Number of protein chains: 4
Amino acid sequence: MLKVSIIGATGYAGAELLSILYRHPQVEITHITSESHTGKKFSEIYPHLNGIYNQTLESLNDIEKIGGDSDFIFIALPHGHAMDVGKKLESLPVRIIDLGADYRFSDTSIYESWYNVPHTHKNAPRVYGLAEIYREEIRNAKIIGNAGCFTTASILALAPLVRHHLIDVNTIIIDAKSGVSGAGRSPKLGNHFPELYDNFKAYNVAHHRHTPEIEQALEDIGGEKIILNFTPHLVPMSRGILATCYANIKENCTAGTIDAAFQKMYGNEKFIRVLGRDAYPETKFVRGSNYCDIAWHIDERTGRVIVLSAIDNLVKGAAGQAVQNFNIAAGLEEDIALDFVPIYP
Amino acid sequence: MLKVSIIGATGYAGAELLSILYRHPQVEITHITSESHTGKKFSEIYPHLNGIYNQTLESLNDIEKIGGDSDFIFIALPHGHAMDVGKKLESLPVRIIDLGADYRFSDTSIYESWYNVPHTHKNAPRVYGLAEIYREEIRNAKIIGNAGCFTTASILALAPLVRHHLIDVNTIIIDAKSGVSGAGRSPKLGNHFPELYDNFKAYNVAHHRHTPEIEQALEDIGGEKIILNFTPHLVPMSRGILATCYANIKENCTAGTIDAAFQKMYGNEKFIRVLGRDAYPETKFVRGSNYCDIAWHIDERTGRVIVLSAIDNLVKGAAGQAVQNFNIAAGLEEDIALDFVPIYP
Amino acid sequence: MLKVSIIGATGYAGAELLSILYRHPQVEITHITSESHTGKKFSEIYPHLNGIYNQTLESLNDIEKIGGDSDFIFIALPHGHAMDVGKKLESLPVRIIDLGADYRFSDTSIYESWYNVPHTHKNAPRVYGLAEIYREEIRNAKIIGNAGCFTTASILALAPLVRHHLIDVNTIIIDAKSGVSGAGRSPKLGNHFPELYDNFKAYNVAHHRHTPEIEQALEDIGGEKIILNFTPHLVPMSRGILATCYANIKENCTAGTIDAAFQKMYGNEKFIRVLGRDAYPETKFVRGSNYCDIAWHIDERTGRVIVLSAIDNLVKGAAGQAVQNFNIAAGLEEDIALDFVPIYP
Amino acid sequence: MLKVSIIGATGYAGAELLSILYRHPQVEITHITSESHTGKKFSEIYPHLNGIYNQTLESLNDIEKIGGDSDFIFIALPHGHAMDVGKKLESLPVRIIDLGADYRFSDTSIYESWYNVPHTHKNAPRVYGLAEIYREEIRNAKIIGNAGCFTTASILALAPLVRHHLIDVNTIIIDAKSGVSGAGRSPKLGNHFPELYDNFKAYNVAHHRHTPEIEQALEDIGGEKIILNFTPHLVPMSRGILATCYANIKENCTAGTIDAAFQKMYGNEKFIRVLGRDAYPETKFVRGSNYCDIAWHIDERTGRVIVLSAIDNLVKGAAGQAVQNFNIAAGLEEDIALDFVPIYP
């Protein structure tokens, strides 16, 4: 049994993490923390876990004690807070999986310029937590910067094409759409039910913080500098992301080479379902599961490929991916506790 | 391993059943049938099961063969069709769990008058499949008439009060609300997305077929004749039922006796979460799970008790309940394959 | 042209009021106020009115000045605030339509016990603002306490039966369901999009403040003391209320006498559509309009009548009703600016 | 008074058209037709118009008679049917506004290759019905091919940039999202409520029929050959389209020249609200209105402009636009009967 703690357990990602880990046969949850709900039982904050999971929330004030009690710590705090925790636990054997952005960038100056905060743990030994791309690095990592939700859908959609140089990387446009749980659990006017219901909008056009994260991974995969467009939209639904990715194809890019690129990269991946050419992923087909469904379309008229990918933003885009990374880092089977079936309809 | 077949597997209840049974460690699925999709793979009909469950759909034409191959058969056909299947399998050792209405009534004349079809298997050895009430009868049943969705929420809400004679049974009014999946997967104008979205309505007022089913069970529990009002409504959501049940309280009915009645009846039930007085079940707290959440309110001004119950109509209201009944009938632990956590938000 | 001001214009009811009055040919809007948005243009707060209505929001600090400039003042403040305004304007000729609860009760002690605030304007000359019942009193009223949303749907559904003594008033149960805009525009967890979407729940069972308001009107109509059950629920949609009303019928209550009672009371009403027996109002059939659709069902088995009524909570349940009252009070045609068609689908 | 008939009145566009025309002070509706509902009252098919509009539906069999009785005919039939009607009315003075695709293309071979039907009225005297671009041509047109929903949002978003040659037209990508009413009123599995609710998907990637329509208009506006990507998606909501349009900017393209281009083209347009740079249109801000809201963002990093536009697909994308075209063609004020305010929230 591995001892696991969750720092910042009361956001949506934290709650999803608990729901998954609670059923993990090799995990014992030791501490869960929340600064705003310290002392309350978790099921008071999330009544759907009534009678299932009732542990009491602590403060993270004594993080060294928590770190000492734990083999692994998951951090689900707003960006800027995880690096404090990480620094304090530097010398302890505990390993860290951060669901936020603090440990996602190898070049912390990119983090600083997009997030507008100084990075205080620049030399942290960290890897990017997207298992299908960085599995080997994750195995022994001290700190794993779990990939973001939009970035997971986007990178997985484009990685095979970038790796095999089938597209012109200067033409990448990612038009992404997310359910509202991606915006977190703090009530604000923008997420107030009557404002969003029966409504659709874009936000953060040209400056969403997932942009450099996607660029970093694709540059790493393809070995070329990449600057791309990423546009998020808000869908009036709870969960799910669909990314629609456009790029001009190169001469070597055909139905056959695309298919081969995807099969080569994902043919053995448990959590990626390659639907193939001309198929249509739907967010509901992956809802409540750790799957990423991917399909592509070739537009002969314009010479572009359009790749569609769908994930559940709280599972493969956050908590499920974190557990997948955890399983790898802990030397366990990668799909333990992640074998749930999408809930439909 | 028990051999299990599903007759009529492509409705929502059938698909939910497959999703649950697929993960049941003691079940091997032998046949799945669909008359409209014979020969197709199940995941063509339900792409969310792509790569998970790909068995081919057969016809039920040779039902005796299917019955001979199976220890248990689940039937998820429209009412009026299960009794034909049941009759044909009468002499085989296979046991039957019918998710429809054909085997729910001990007095088949009630069935005939509410469903407008002659009952052709009147002497069938059957029990009513609501485990919390009829667990002992279910253990050795040949045919189990799985309780309906509205009826499950309604009966479980009122059973303790009726059993302990705490309410005037002539004053029972059940105002129930269901997500749209309860209406099945056949497209029709009434369930066309733009018609129902941002809309709310009642239907089948005073003559919904779940009425006599609720009456039958409550009469059986309380030992008194019961005629009640049941009014269903359609909520613009996919899953979930909330039943709001009203009744005049008797003199012996107090906060204490109500609480005692619920604790006595459900204190040890795995799938009933008694939230207690003045609490509020929400359908999302049980979504994707086999729980029934129950709470009650006492209105001193009017002398009425209001009991609220919530279930997922496709799980505790259909497929989950069927698997619960199966587990009991097969002599297994009652919660095997049913230990999933509600999906929230 | 009549000079009209709106106090508290930035709630949903205030915005709806402006949308209606803006197109009223005999109205000139003089002041609109908001304490939280003073100095901003209205279309900054509600961008759907961009280019349509851009007046600047003032404070209500100098309410006497506003009152002096206005023929009519609409108040859309939280309860407890309108009576201060009303008192300060007592000696001015301006007339008041309050969309809140402060002026709805003839017995202010009922208000005080349900709203937990002392009433500071007990002797105010006021009438209850439900035009179909109190039209004559509204014509010359100084202060009109506009009927609430749930109460409008409930009273209009039951008034004909109560007036003609066709039901046992001790058996009235109103099970009501509302879209989320009824809870106002202030973000809170309970109205946060992911929490409510695909979810259904009851709230304020046995103690919602619309209960005594319904009782007051029905007692007045029927001449008998009435204590009833009122249960509100939250539907995952923006707008609309459906009330399902139950009562035991008396001996003189038949299909004919019910129909006659409704025809007599509403036969000439412009905004009430009597759909008749066995029909089904839907909230979308009245969305964006000032209609109240009503139908009824008789359950011979239980001896109860079930009346269904549907309104748009922001129109007939708030702003539309307020303009209807205004038209009456101002001696205008009752439907001026209210002749819009429901928006469907 | 102008005599107006509607052929194919029972689709969503037809119903919206009736709702608008019903309130048009210079219109008298003479005939409304439906082949599937001949003989029924319109309000039986659309109960939200109960008591408002109850005319009886006829067959279009005697179209010459209908044409002879009418000054204008609106056609809201599936594509391929309007050209038969148009041909039969060729020699009558009646003028035609077709809401379908039959008369949208100046080169009918494009129509034939994308719609897979032979065009049988190739020499019809017709204009493209997008008032902001083709107003002068519309004034005296015999047949107006009303612009499609996606095309209206897309063309209006890009027209100023194309006309002033501010973008590289070879780089245009339009990623569009629509509410489900755009798919019509015929029930099918793809639009069945439980399948779409809480779900998001793309469809018809690289071959949606609105593609050549957008290309035709933009080529006409810019004077250059244009081949572009158009990708539609389905949003789980009833109404509304948001188009997200990408293009590489040319050297002369700056914040200033973009702004000037939009102001020059739309500064005096009643139904286009130019929100300007860095703003965010939302579909709910235009719901139920004839507005098209437009904003743009410049991504300095990638050298692209992103233009966002929002319309109500049934109003500015269909019926509202048709009435706008009608007003122009009839020599009336362009906004008569179209001055309704968006319904929010």
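What counts as what
- Residues numbered from 1 in each chain as written.
- Chains lettered and ligands numbered in written order.
- Predicted model: local features only at pLDDT ≥ 70, side-chain atom pairs only at ≥ 80, totals over all residues.
- Heavy atoms only, no water.
- Helix = DSSP H or I, 4+ residues; strand = E, 2+ residues; numbered from the N terminus.
- Rg over C-alpha atoms; globule rule 2.2 N^0.38 Å.
- Buried < 20%, exposed > 50% of the residue type's maximum accessible area, 1.4 Å probe, protein only.
- Contact = heavy atoms within 4.5 Å.
- Lys, Arg positive; Asp, Glu negative; His and termini not counted.
- Charge placed at Lys NZ, Arg CZ, Asp CG, Glu CD.
- Least-squares fit on C-alpha atoms with pLDDT ≥ 70 in both.
- Buried area = accessible area lost by both parts, 1.4 Å probe.
- Salt bridge = Lys/Arg side-chain N within 4 Å of Asp/Glu carboxyl O.
- Polar contact = N/O pair within 3.5 Å; in protein donor to acceptor, adjacent residues only side chain to side chain.
- Pairing = 2+ DSSP bridges.
- Axes fitted to C-alpha atoms, helices over the stretch in contact; angles between N-to-C directions.
- Expected span 1.5 Å × (residues − 1).
- Bend = angle between axes of the 7 residues up to and from the residue.
- Core = buried A, V, L, I, M, F, W, Y, C linked by side-chain atoms within 4.5 Å.
- Parallel < 35°, antiparallel > 145°, perpendicular 65-115°, else oblique.
- Left-handed = near helix turned anticlockwise from the far one by under 90°.
- Nonpolar A, V, L, I, M, F, W, Y, C, P; charged D, E, K, R; others polar.
- Phe/Tyr/Trp six-rings, centres within 6.5 Å; stacked < 30°, edge-to-face > 60°.
- Lys NZ or Arg CZ within 6 Å of the ring centre and 35° of its normal.

Attention now moves to the overall build of chain A. Of regular secondary structure, chain A possesses eleven helices and 13 strands. The C-alpha atoms of chain A give 20 Å as radius of gyration, which agrees with the globular expectation for 345 residues (20 Å, within 12%). Dimensions along the principal axes, computed over C-alpha positions, put chain A at roughly 60 × 45 × 40 Å. Here chain A holds 345 residues, and the buried ones make up 68% of them. By sequence separation, contacts in chain A at least 24 residues apart represent 70% of the contacts at least 6 residues apart. If the 32 positive side-chain charges of chain A are averaged to one point and the 40 negative ones to another, these points end up 2 Å apart.

A word on the relation of the copies chain B and chain A. Screw-axis analysis of chain B against chain A gives a translation of 0.0 Å along the axis, an RMSD of 0.0 Å, and a rotation angle of 180°. In the structure described here, the two chain copies are related by an operation that fits a two-fold rotation axis. Rotation axis and chain B: the residue whose C-alpha lies nearest the axis is Asp198 of chain B, separated from it by 3.9 Å. Most of the interface of chain B is mirrored in chain A, where 100% of its interface residues again form contacts.

Counting residues at the interface gives 52 residues for chain A, matched by 52 residues for chain D. Between chain A and chain D the total buried area reaches about 4,200 Å² when both faces are included, carbon and sulfur atoms providing 50% of it. In this structure, Asp198 of chain A engages Arg287 of chain D in a salt bridge whose closest nitrogen and oxygen atoms are separated by 2.5 Å. For the interface between chain A and chain D, the tally reads 42 residue pairs in polar contact (both at pLDDT 80 or more).

Moving on, we get to the relation of the copies chain A and chain D. Note on the identical chains: chain A maps onto chain D by a rotation of 180° and an axial translation of 0.0 Å, with an RMSD of 0.0 Å. Counting the interface residues of chain A, we find that 100% of their copies in chain D are interface residues as well, pointing to one common contact surface.

On to the sheet that holds strand β13 (residues 304-311) of chain D. Residues and elements named next belong to chain D. If you walk across this open sheet you meet the seven strands as β8-β9-β7-β10-β13-β12-β11, and the pairing is mixed. The open sheet terminates on both sides in strands that have one partner only, identified here as β8 (201-202) and β11 (272-277). Bridge analysis of β8 against strand β9 (residues 229-234) gives two bridges, and the strand direction is antiparallel. Bridge pairing links Lys201 to Leu234 in β9. Set on the sheet, helix α7 (residues 149-163) makes contact with β7 (173-178), β9, β10 (241-248), β11, β12 (292-299) and β13; between it and β13 the angle comes to about 140°.

Before going further, it helps to spend a moment on the side chain of Ser178 of chain C. Note that Ser178 of chain C resides in strand β7 (residues 173-178). Among all residues touching Ser178 of chain C, those that are not within four sequence positions of it are Phe150, His233, Leu234, Val235, Gly240 and Ile241 of chain C.

Below, the discussion takes up the sheet that holds strand β12 (residues 292-299) of chain C. In any sheet, the strands associate via hydrogen bonds between backbone groups, in a parallel or an antiparallel arrangement. Residues and elements named next belong to chain C. With mixed pairing, the seven strands of this open sheet are ordered in space as β8-β9-β7-β10-β13-β12-β11. The open sheet has two edge strands, β8 (201-202) and β11 (272-277), and neither has a second partner. Bridging between β7 and strand β10 (residues 241-248) involves six bridges; their strand directions are antiparallel. The residue of β10 that forms the bridge with Ser178 is Ile241. The strands touched by helix α10 (residues 255-266) are β11, β12 and β13 (304-311); relative to β12, the strand with the most contacts, the crossing angle is about 165°.

The next thing to look at is helix α11 (residues 315-329) of chain C. All names here are of chain C. For α11, spanning 15 residues, the distance from its first C-alpha to its last is only 18 Å, which falls clearly below the expected 21 Å at 1.5 Å a residue. At Gln321, α11 shows its strongest bend, of approximately 45°. The buried fraction of α11 is high, at 15 of 15 residues. Just beyond α11, the residue with positive phi is Gly331, at close to 75°.

With 446 residues, the main nonpolar core has Ile172 of chain A, Ile172 of chain B, Ile172 of chain C together with Ile172 of chain D as its most contacted residues. Among all residues touching Ile172 of chain B, those that are not within four sequence positions of it are Leu158, Val162, Ile167, Leu218, Ile226, Leu228, Asn229, Tyr246 and Ala247 of chain B together with Arg304 of chain C. Residues Ile63, Ile73, Val94 and Ile143 of chain B belong to the second largest nonpolar core, which totals 21 residues.

Moving on, we come to the packing of helix α1 (residues 12-21) of chain D against helix α11 (residues 315-329) of chain D. Residues and elements named next belong to chain D. Where α1 contacts α11, the axes come no closer than 9 Å and their chain directions differ by 45°. In terms of orientation, α1 lies oblique with respect to α11. In the packing of α1 onto α11, the handedness of the crossing is right-handed. Contacts between α1 and α11 involve Ala13, Glu16, Leu17, Ile20 and Leu21 from the former and Val315, Ala318, Ala319, Gly320, Ala322 and Val323 from the latter. The class makeup of the residues in the contact of α1 with α11 is nine nonpolar, one polar and one charged.

What follows covers the interface of chain B and chain A. Between chain B and chain A, the contact holds 33 residues from the first and 33 residues from the second. A combined buried area of about 2,700 Å² lies between chain B and chain A, and 60% of that area is made up of carbon and sulfur atoms. Contact with chain A buries surface across chain B, with His48, Tyr344 and Pro345 of chain B losing the most and accounting together for 22% of the total. Linking chain B to chain A there are two salt bridges. Salt-bridge contacts for Asp339 of chain A lead to Arg23 of chain B; the nearest nitrogen and oxygen are separated by 3.8 Å. Inspection of the chain B/chain A interface yields 14 residue pairs in polar contact (both at pLDDT 80 or more). Of all elements in the fold, only α1 (12-21), β11 (272-277) and α11 (283-286) of chain B reach the threshold of two or more residues within the side of chain B that touches chain A. Considering each element in turn, the side of chain B that touches chain A owes the most residues, three residues, to α1 of chain B. Here the residues of the side of chain B that touches chain A are counted per class, giving 18 nonpolar, six polar and nine charged.

The next point concerns unusual backbone geometry. The omega torsion of the bond from Tyr344 of chain A to Pro345 of chain A falls at 0°, within 30 degrees of zero and hence cis. Relative to the assigned elements, Pro345 of chain A resides in the segment after α11 (315-329). The phi torsion at Ala206 of chain D lies on the positive side, around 70°, for a residue other than glycine. Residue position: Ala206 of chain D is located in the loop between β8 and α9 (210-222). Owing to a relative accessible area of 17%, Ala206 of chain D belongs among the buried residues under this scheme.

Looking now at the pattern of salt bridges. According to the stated counting rule, one finds 87 salt bridges over all chains in the structure shown. Note that Asp293 of chain A and Arg273 of chain A form a salt bridge whose closest N and O atoms lie 2.7 Å from each other. Remark: Arg273 of chain A occurs in strand β11 (residues 272-277) and Asp293 of chain A occurs in strand β12 (residues 292-299); sequence separation between them is 20 residues. Just as Asp293 of chain A is buried, Arg273 of chain A falls in that class too. Residues Glu195 of chain B and Arg185 of chain D are paired through a salt bridge, measuring 2.8 Å at the closest nitrogen-oxygen approach. Taken together, the residues span two chains, with Glu195 of chain B in helix α8 (residues 193-196) and Arg185 of chain D in the loop between β7 and α8 (193-196). Take Glu195 of chain B: its relative accessible area is 6%, and that puts it in the buried class. Look at Arg185 of chain D and you get buried, because its relative accessible area is 13%. The network of salt bridges with shared partners includes Asp175 and Lys177 of chain A together with Asp175 and Lys177 of chain D.

Enumeration according to the criterion identifies 66 aromatic pairs over all chains in this entry. When the ring of Phe285 of chain A is compared with that of Tyr344 of chain A, the centres are 5.8 Å apart and the planes differ by 45°; the resulting orientation is tilted. Of the two residues, Phe285 of chain A is situated in the loop between β11 and β12 and Tyr344 of chain A in the segment after α11; the sequence distance between them amounts to 59 residues. Phe285 of chain A sits in the buried class, given a relative accessible area of 7%. On the basis of relative accessible area, Tyr344 of chain A is assigned to the buried category, the value being 4%. Three or more aromatic residues joined by ring pairs make a cluster, and in this case those are Phe193 and Tyr197 of chain A, Phe193 and Tyr197 of chain B, Phe193 and Tyr197 of chain C together with Phe193 and Tyr197 of chain D. Sitting over the ring of Tyr291 of chain B, Arg273 of chain B keeps its end group 4.2 Å from the ring centre. If you follow Lys284 of chain C out to its NZ or CZ, it ends over the ring of Tyr344 of chain C, 5.8 Å from the centre.

Let us now look at α1 of chain B. Counting buried positions along α1 of chain B gives ten out of ten residues, so the element sits mostly inside the fold. Residues of α1 of chain B that are buried in the fold lie against β1 (2-7), β2 (27-33), α2 (42-45), β3 (72-75) and α12 (315-329) of chain B together with α8 of chain D.

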